[in-house]
Amino acid sequence: MQTIASKYHIDISDIQVSINNRMSGVCGVTKPDQSVTLCRDAFRSEEDLARTLEHERFHVSELRSGLPYPTAKQAEAFEDRAYIHEQQWWENQPQRPDGSR
C-alpha cells in the first residue's frame, strides 16, 4: 500500500489506514473519525488501489476542511464529489500501470 501511495504521490502519512480483507463490494470506507479502511476490492489491481487511496484521501480532506460526515441523505453527494475528483486525478496521472496516459 505504501509503495503504491508513494508511486502515485498520494500523501496518506497522516491518515490512519486499516485493511479489512473480509469486506467486499466496496474498495474503501472513510469513517467519521477520518480513518480509512481498505477492503478486499481495493487490491484487485494497482489502479484500483491507487484510485481508492486517492478517493479516500479526498474524503478525509473534505472532513478536515470542516464538512460534516454525511448523513444517509448526503452520502450520494459525498461519493459523487470523490468519484469526480478520483476520475480527474486518474486522467491527469502521468504514470499509469498500463503505460498509457
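Just above, that's the structure.
These figures come from a predicted structure and were not determined experimentally.

Enquirer: Can you walk me through helix H3 (residues 75–91) in this structure?
Expert: Every α-helix carries 3.6 residues per turn, so stepping three or four residues along brings you back to the same face. Counted at 1.5 Å a residue, the expected span for H3 with its 17 residues is 24 Å, and the 24 Å between its end C-alpha atoms agrees. All of the buried residues along H3 are Phe78, Ala82, Glu86, Trp89 and Trp90. Projected down its long axis, H3 shows its buried positions confined to an angular sector of 95 degrees, all on one face. With respect to the buried face of H3, the exposed residues turned more than 90 degrees away are Glu76 and Ile84. Of the surrounding secondary structure, the elements contacted by the buried residues of H3 are helix H2 (46–64).

Enquirer: Help me out: how do you make sense of the packing of aromatic side chains in this one?
Expert: The geometry of an aromatic ring pair comes down to the distance between the two centres and the angle between the two planes. Scanning the entire structure with this criterion turns up 4 aromatic pairs. Considering the side-chain rings of Tyr8 and Trp90, the 5.8 Å spacing of their centres and the 40 degrees angle between planes classify their relative orientation as tilted. Taken together, the residues Tyr8 in the loop between helix H1 (2–7) and strand E1 (17–20) and Trp90 in helix H3 connect sequence positions 82 residues apart. Aromatic pair Trp89 and Trp90: ring centres 5.8 Å apart, planes at 45 degrees, arrangement tilted. The pair formed by Trp89 and Trp90 is uniform in burial state, with each residue classed as buried. Taken together, the ring pairs connect Tyr8, Trp89 and Trp90 into an aromatic cluster.

Enquirer: In this structure, what is going on with the side chain of Ser35? I would like to understand it.
Expert: Positionally, Ser35 belongs in the loop between strand E2 (28–30) and strand E3 (36–39). Within the structure, Ser35 has its side chain in polar contact with the side chain of Asp33 (distance 2.6 Å). Those residues within four positions of Ser35 in sequence are excluded, and the remaining contacts are Gln16, Val29 and Thr30.

Enquirer: Is there a simple way to explain the sheet that holds E2 in this structure?
Expert: Hydrogen bonds between backbone atoms are what pair the strands of a sheet, whose relative direction is either parallel or antiparallel. The strand order across the open sheet built from 3 strands is E1-E3-E2, with neighbouring strands paired in mixed fashion. Where the open sheet ends on each side, the last strands, each with one partner, are E1 and E2. Strand-to-strand twist across the sheet, computed as the mean angle between neighbouring axes with direction ignored, equals 20 degrees. As paired elements, E2 and E3 share 3 bridges and run antiparallel to each other. Paired with Thr30 across the two strands is Val36, which belongs to E3. Lying on the sheet, H2 is in contact with E2 and E3; it crosses E2 at an angle near 10 degrees.

Enquirer: When you look at the side chain of Thr30 in this model, what are you seeing that I'm missing?
Expert: Among the secondary structure elements, Thr30 is positioned in strand E2. A polar side-chain atom of Thr30 sits 2.5 Å from a polar atom in the side chain of Glu56. What Thr30 contacts, discounting residues up to four positions off in sequence, is Ser35, Val36, Glu56, His59, Val60, Leu63 and Tyr69.

Rules used throughout
- Residues numbered from 1 in each chain as written.
- Predicted model: local features only at pLDDT ≥ 70, side-chain atom pairs only at ≥ 80, totals over all residues.
- Heavy atoms only, no water.
- Helix = DSSP H or I, 4+ residues; strand = E, 2+ residues; numbered from the N terminus.
- Expected span 1.5 Å × (residues − 1).
- Buried < 20%, exposed > 50% of the residue type's maximum accessible area, 1.4 Å probe, protein only.
- Arc of directions from axis to C-beta.
- Contact = heavy atoms within 4.5 Å.
- Phe/Tyr/Trp six-rings, centres within 6.5 Å; stacked < 30°, edge-to-face > 60°.
- Polar contact = N/O pair within 3.5 Å; in protein donor to acceptor, adjacent residues only side chain to side chain.
- Pairing = 2+ DSSP bridges.
- Axes fitted to C-alpha atoms, helices over the stretch in contact; angles between N-to-C directions.

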